[in-house]
Amino acid sequence: MDEGTTSARAALYNEEGRRVAAQSEPIECFYPQPGWVEQDAEAIWRAQLDATRRTLAAANISAREIAAVGIANQRETTIVWDKNTGRPVAPAIVWQCRRTAAYCDALAQREMVRRKTGLVIDAYFSASKIRWLLDHAGASPRDLLFGNVDTWLIWKLTGGTHVTDPTNASRTMLMNLESGDWDDELLNLFGIPGEMMPRIVASSGVCGTALAEHLGAEIPIAGIAGDQQAALFGQACFSPGLSKNTYGTGCFALMHAGAHAPVSRHRLLATRAASPDRTAQYAVEGSIFIAGAAVQWLRDKLQLISTAAESEALAASVPDTGGAYLVPAFVGLGAPYWDSSARGLFTGITATTDRARLVRATLESIAYQTRDLVDAMEADAGQKIKELRVDGGATANNFLMQFQADILGCPIVRPADTETTALGAAYLAGLATGYFKNMEELSRFWRSERVFQPQMPVDRREELWAGWKRAVAQCRFVGSEQARKTSP
Ligand code: ADP
């Protein structure tokens, strides 16, 4: 089960780790105020159940034949419900929601939080969202339970088991990254009672049984991971230095960091990676807010293209952008800048700038932003990455993949199965139940479909890169000037 922000997906895998059926159900987002993003937790559950039932029907397989269920989920999204009635006290607060930004800005003890959690204090993570729900629940905290989407789905599937895993817990800002336990000092900082928190169990291990009423037979639930960590696992990035980047609405790059908690000196996040056993595994993570979303902007707002796929041929129809750069800082800049006042910019325009060059600049911006993350990861790790494994919708774009290889100067490897999130959840569940033998077997399952080798001369790459850095500096200047003018 792969419960994402825009849809709930289900996929069925065989003993060779091959997908034999998959179905998805859309999920609606609600925007009740600027910056607020909500979902209906009951609708999430129904969509996930429907997608799963339809997958079984499509494969003509009964639930009795299923070895195990694994769950990957949109991370940080926060649900609080009444443990007696099972009813959510309010709509789920989605990870993108900024309603607690002012509360977070006012929090002290930033260094303590960073040291314990590996995160920077931000409305993105669950803790401030739980606080908000407690303030607006209209019920005693004694009757309430908290869960991210993994916990909510398992509670529903099992009829009351209340658990999560370290990858999801590490995104709440309430778990001590090293001990893997809820931390009293953090719970106190946000005023959250420990009793409402789920039990943290292994990412790979049987943690409950789905009731027969849901899928037609009882099935063990044996794997849990947040979507990005599931994708890292599905990409068979099992050892330090192995990295993946997911190109969807945004980009999420994760580098496996081994068995010791990393400390990023270059403004990335430290987080838990999914572990195949009870040992702690870590990753360094960087997130870009606007990647494929900039292509959607070309399509829907500028109407320069009618499908995202069209961007590939248009970009390839010109040799370069003629010195133009787009910085898609539509909602500020994420890692490694963390600049919420930055705003988007199209710069270096000349009389030759046309539709194709703007489209090309947009695709190139995805690759440049990724290099910002990879440079930070390499600086943290003190070594160059050997290859970047990729997944997500925009990896279908061959122009983008080749430009990415060129601007990084390292091979980009696109796997045969780019639905790596669901695959990672299946791997975790299959390992726990003996359906899959071991990590070596999973590494053998992973197959590359195409490798993009860097072809651009080094001096050309560095010249383009220097132009990107100047464009980013300009966009941050524009943002700070605007912020200065509008502040009292
Ligand atoms: P998410 O899981 O975030 O919804 P997906 O992995 O489904 O995202 O990818 C969809 C995103 O990828 C969209 O933002 C879309 O604009 C972009 N995209 C899809 N196909 C292409 C393409 N061929 N070229 C460039 N961008 C693309």
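Residues numbered from 1 in each chain as written. Predicted model: local features only at pLDDT ≥ 70, side-chain atom pairs only at ≥ 80, totals over all residues. Heavy atoms only, no water.

*Asks:* Just give me the short version of the overall build of the chain, but keep the residues and values in it.
*Replies:* Along its length, the chain carries 16 helices and 21 strands. For 488 residues, the compact-globule estimate of 2.2 N^0.38 gives 23 Å, and the C-alpha radius of gyration of the chain, at 22 Å, lies within 12% of that figure. Seen through its principal axes, the chain has C-alpha atoms that stretch 65 × 55 × 40 Å. Burial status across the chain gives 58% buried among its 488 residues. The contacts of the chain with a sequence gap of at least 6 include a subset with a gap of at least 24, amounting to 72%. Across the chain, the centroid of the 49 positively charged side chains sits 3 Å from that of the 54 negatively charged ones. (Helix = DSSP H or I, 4+ residues; strand = E, 2+ residues; numbered from the N terminus. Rg over C-alpha atoms; globule rule 2.2 N^0.38 Å. Buried < 20%, exposed > 50% of the residue type's maximum accessible area, 1.4 Å probe, protein only. Contact = heavy atoms within 4.5 Å. Lys, Arg positive; Asp, Glu negative; His and termini not counted. Charge placed at Lys NZ, Arg CZ, Asp CG, Glu CD.)

*Asks:* So, the site of the ligand: which residues are in play, and what are the values?
*Replies:* What surrounds the ligand is a group of 14 residues, the closest being Thr 249, Gly 292, Gln 296, Gly 393 and Asn 397. Between the ligand and Thr 249 there is a distance of 2.7 Å, counted from an oxygen atom to a side-chain nitrogen or oxygen. Separating an oxygen atom of the ligand from a backbone N or O atom of Ala 293 is a distance of 3.5 Å. Burial of the ligand by the protein chains amounts to 74% of its free accessible area of 580 Å². Among the elements that make up the shell around the ligand, the one with the highest residue count is helix α10 (residues 292-300) (four residues). Looking at the shell around the ligand residue by residue, the class counts come to five nonpolar, nine polar and no charged. (Near = heavy atom within 4 Å. Polar contact = N/O pair within 3.5 Å; in protein donor to acceptor, adjacent residues only side chain to side chain. Areas by Shrake-Rupley, 256 points an atom, 1.4 Å probe, with all protein chains shown as cover. Nonpolar A, V, L, I, M, F, W, Y, C, P; charged D, E, K, R; others polar.)

*Asks:* Report on helix α13 (residues 398-408), specifying residues and quantitative values.
*Replies:* The buried count for α13 comes to ten of eleven residues, which makes it a mostly enclosed element. Between a side-chain oxygen at the N-terminus of α13 and the backbone nitrogen of Phe 399 the separation is 3.1 Å; the capping residue is Asn 397.

*Asks:* Go over the pattern of salt bridges, please, and point to the residues and values.
*Replies:* Summed over the entire model, instances satisfying the criterion amount to 28 salt bridges. Measuring nitrogen to oxygen at the nearest pair gives 3.4 Å for the salt bridge that ties Glu 462 to Arg 371. With Glu 462 in helix α16 (residues 458-486) and Arg 371 in helix α12 (residues 355-381), this residue pair connects regions lying 91 residues apart in the sequence. Since its relative accessible area comes to 33%, Glu 462 is described here as partly exposed. Arg 371 gets classed as buried once you look at its relative accessible area, which sits at 10%. Across the salt bridge formed by Lys 437 and Glu 441, the nearest N and O atoms sit 3.0 Å from each other. Because the salt bridges share partners, they merge into one network encompassing Arg 75, Glu 76, Arg 171, Asp 227 and Glu 285. (Salt bridge = Lys/Arg side-chain N within 4 Å of Asp/Glu carboxyl O.)

*Asks:* I'd like to hear about the sheet that holds strand β11 (residues 204-210), residue by residue, with values.
*Replies:* In a beta sheet, neighbouring strands are held together by backbone hydrogen bonds and run either parallel or antiparallel to one another. Strand order in this open sheet of six strands is β3-β2-β1-β5-β12-β11, and the pairing throughout is mixed. With one partner strand each, in any of the chains shown, β3 (19-26) and β11 form the two edges of the open sheet. In the sheet, strand β1 (residues 2-3) pairs with strand β2 (residues 7-13) via two bridges, with the strands oriented antiparallel. Looking at β2, one finds that Glu 3 is bridged to Ala 8. (Pairing = 2+ DSSP bridges.)

*Asks:* Break down the sheet that holds strand β19 (residues 388-391) for me, with residues and values.
*Replies:* With mixed pairing, the seven strands of this open sheet are ordered in space as β15-β16-β14-β13-β19-β20-β21. On the outer flanks of this sheet lie β15 (269-273) and β21 (448-452), each paired with one strand and no other. When the angles between neighbouring strand axes are averaged without regard to direction, this sheet yields 30 degrees. Where strand β14 (residues 251-258) and strand β16 (residues 281-288) come together, seven bridges link them in antiparallel fashion. In the sheet register, Leu 254 faces β16, and the bridge partner there is Glu 285. (Axes fitted to C-alpha atoms, helices over the stretch in contact; angles between N-to-C directions.)

*Asks:* Give me the side chain of Thr 78: which residues, what numbers.
*Replies:* Structurally, the position occupied by Thr 78 is in the loop between β5 (69-73) and β6 (79-82). The exposure class assigned to Thr 78 is buried, which follows from its relative accessible area of 0%. A polar side-chain atom of Thr 78 sits 2.8 Å from the main-chain carbonyl oxygen of Glu 76. Leave out the neighbours within four places in its chain, and Thr 78 touches Ala 92, Ile 93, Ser 126, Lys 129, Ile 130, Leu 133, Phe 146, Gly 147 and Asn 148.

*Asks:* Give a detailed account of the environment of Trp 182, specifying residues and quantitative values.
*Replies:* Positionally, Trp 182 belongs in the loop between α6 (166-169) and α7 (184-190). In this structure, the C-alpha to C-alpha distance between Trp 182 and Arg 199, residues 17 residues apart in sequence, is 9.0 Å. Once residues lying within four places of it in the same chain are set aside, the contact partners of Trp 182 are Thr 164, Ala 169, Thr 172, Leu 174, Met 175, Leu 187, Met 197, Pro 198 and Ile 200. Within the local environment of Trp 182, its side chain forms a polar contact with the backbone oxygen of Pro 198, the two atoms lying 2.7 Å apart.

*Asks:* I'd like to hear about the packing of helix α1 (residues 41-59) against helix α5 (residues 149-158), residue by residue, with values.
*Replies:* Closest axis-to-axis distance for the α1/α5 pair is 10 Å, and the angle between their directions is 65 degrees. Taken as axis vectors, α1 and α5 run roughly perpendicular relative to one another. Here α1 and α5 pass one another in a crossing that is right-handed. Where α1 abuts α5, its residues Ala 41, Glu 42, Ile 44, Trp 45 and Gln 48 lie against Val 149, Trp 152, Leu 153, Lys 156 and Leu 157. In terms of residue class, the contact of α1 with α5 is built from seven nonpolar, one polar and two charged. (Parallel < 35°, antiparallel > 145°, perpendicular 65-115°, else oblique. Left-handed = near helix turned anticlockwise from the far one by under 90°.)

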